[in-house]
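Okay, here's what each chain looks like letter by letter:
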Amino acid sequence: MTTIGTLQRVSAASLSKILLGAQDAVAAGDPTIAVIDVRDDDYIGGHIKGSQNVPSRSLDAMLPTLVRQLQDKETVVFHCALSQQRGPSAALRYLRERERLLASRKAREEDRAVPAGEEEEGKSAAAAEETGPKEQKVLVLDRGFVGWQELYGTDERLTEGYRKELWEDGYWG
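Residues numbered from 1 in each chain as written. Predicted model: local features only at pLDDT ≥ 70, side-chain atom pairs only at ≥ 80, totals over all residues. Heavy atoms only, no water.

The protein is annotated in an unreviewed UniProt entry as Rhodanese-like protein of Parathielavia hyrcaniae.

Student: Describe the overall build of the protein, and please don't skip the residues or the numbers.
Tutor: Regarding its fold elements, the protein presents seven helices and seven strands. For the protein, the N- to C-terminal ordering of α and β elements is β-α-α-β-β-β-α-β-α-α-β-α-β-α. Relative to its 173 residues, the protein shows a buried fraction of 36%. Carbon and sulfur atoms form 48% of the exposed surface of the protein, whose accessible area is close to 10,400 Å². (Helix = DSSP H or I, 4+ residues; strand = E, 2+ residues; numbered from the N terminus. Buried < 20%, exposed > 50% of the residue type's maximum accessible area, 1.4 Å probe, protein only. Areas by Shrake-Rupley, 256 points an atom, 1.4 Å probe, with all protein chains shown as cover.)

Student: Before we move on, could you go through the packing of helix α3 (residues 59–69) against helix α4 (residues 86–111) and cite the residues and values that matter?
Tutor: Here α3 crosses α4 at 50 degrees, and the two axes come no closer than 9 Å. When the interaxial angle is binned, α3 and α4 end up oblique. Helix-helix and strand crossings are classified by hand; for α3 and α4 the assignment is right-handed. Of α4, the residues touching α3 (which contributes Leu-59, Asp-60, Leu-63, Pro-64, Leu-66 and Val-67) are Ala-90, Arg-93, Tyr-94, Glu-97, Arg-98 and Leu-101. Partitioned by chemical class, the residues of the contact of α3 with α4 number eight nonpolar, no polar and four charged. (Axes fitted to C-alpha atoms, helices over the stretch in contact; angles between N-to-C directions. Parallel < 35°, antiparallel > 145°, perpendicular 65-115°, else oblique. Left-handed = near helix turned anticlockwise from the far one by under 90°. Contact = heavy atoms within 4.5 Å. Nonpolar A, V, L, I, M, F, W, Y, C, P; charged D, E, K, R; others polar.)

Student: Got a sec to walk through the sheet that holds strand β6 (residues 137–141)? Specific residues and values, please.
Tutor: Strand order in the open sheet made by the five strands is β1-β6-β5-β2-β4, with parallel pairing throughout. Looking at the sheet topology across the chains shown, the edges are occupied by β1 (8–10) and β4 (52–53). The pairing of β1 with β6 spans three bridges and is classified as parallel. Across the sheet, residue Val-10 finds its bridge partner in β6, namely Leu-141. (Pairing = 2+ DSSP bridges.)

Student: Help me get a handle on the side chain of Ser-16, residues and values and all.
Tutor: Residue position: Ser-16 is located in helix α1 (residues 12–21). Those residues in contact with Ser-16 that lie beyond four places of it in its chain are Trp-148, Tyr-152 and Leu-158.

Student: Describe in detail the packing of α1 against helix α6 (residues 144–152), supporting the description with residues and values.
Tutor: Two elements in contact, α1 and α6, have axes whose closest approach is 10 Å; the angle formed by their N-to-C orientations is 70 degrees. Comparing their axes, α6 and α1 come out roughly perpendicular. In the packing of α1 onto α6, the handedness of the crossing is right-handed. Packed against α1, whose contacting residues are Ala-12, Ala-13, Leu-15, Ser-16 and Leu-19, the element α6 presents Trp-148, Leu-151 and Tyr-152 at the interface.

Student: I'd like a rundown of the nonpolar core, residues and numbers included.
Tutor: Judged by nonpolar contacts, the single largest core of 20 residues is most densely connected at Ile-36, Leu-66, Leu-70, Phe-78 and Tyr-94. Those elements that provide at least two residues to this core are β2 (33–37), α3, β5 (75–79), α4 and β6. At five residues, the largest contribution of residues to this core is made by α4. Those residues within four positions of Leu-70 in sequence are excluded, and the remaining contacts are Ala-34, Ile-36, Val-76, Tyr-94 and Gln-136. (Core = buried A, V, L, I, M, F, W, Y, C linked by side-chain atoms within 4.5 Å.)

Spelled out as structure tokens, the structure:
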């Protein structure tokens, strides 16, 4: 079972390469990565381009919806300002909710399973497996948005709404 300590992290440099490489897929309307920013009142001064803000205070209510929205993503990256508490906690809660929903779906499918030898023509157990959930990497952005903006705050390919003057004195959180 994944814990806060075993969550995989991604550096700002690695994430920037992934995001720049994924821009073609985004332009085609099929992004393979989602970035979830769980900052609350500190969601000011910019954000990673294309990220979705889901404030940590409303995350629990949003988790089932978020799992469904992100089910086709290959990678989901969570972060907050520093990715020390809210970001990792959100990633862990997301993983657990995803596992819970997948187990619930699997149980329902098993309850509806057609006995062996009675499958519909052209369908098989292997075909049913192919429609199962996509494998998904869940990562935490190392050093959060504070670390991100130090490297990519002014890079408009990667950051939107950046306000340098808010960051000149460091993070105030």
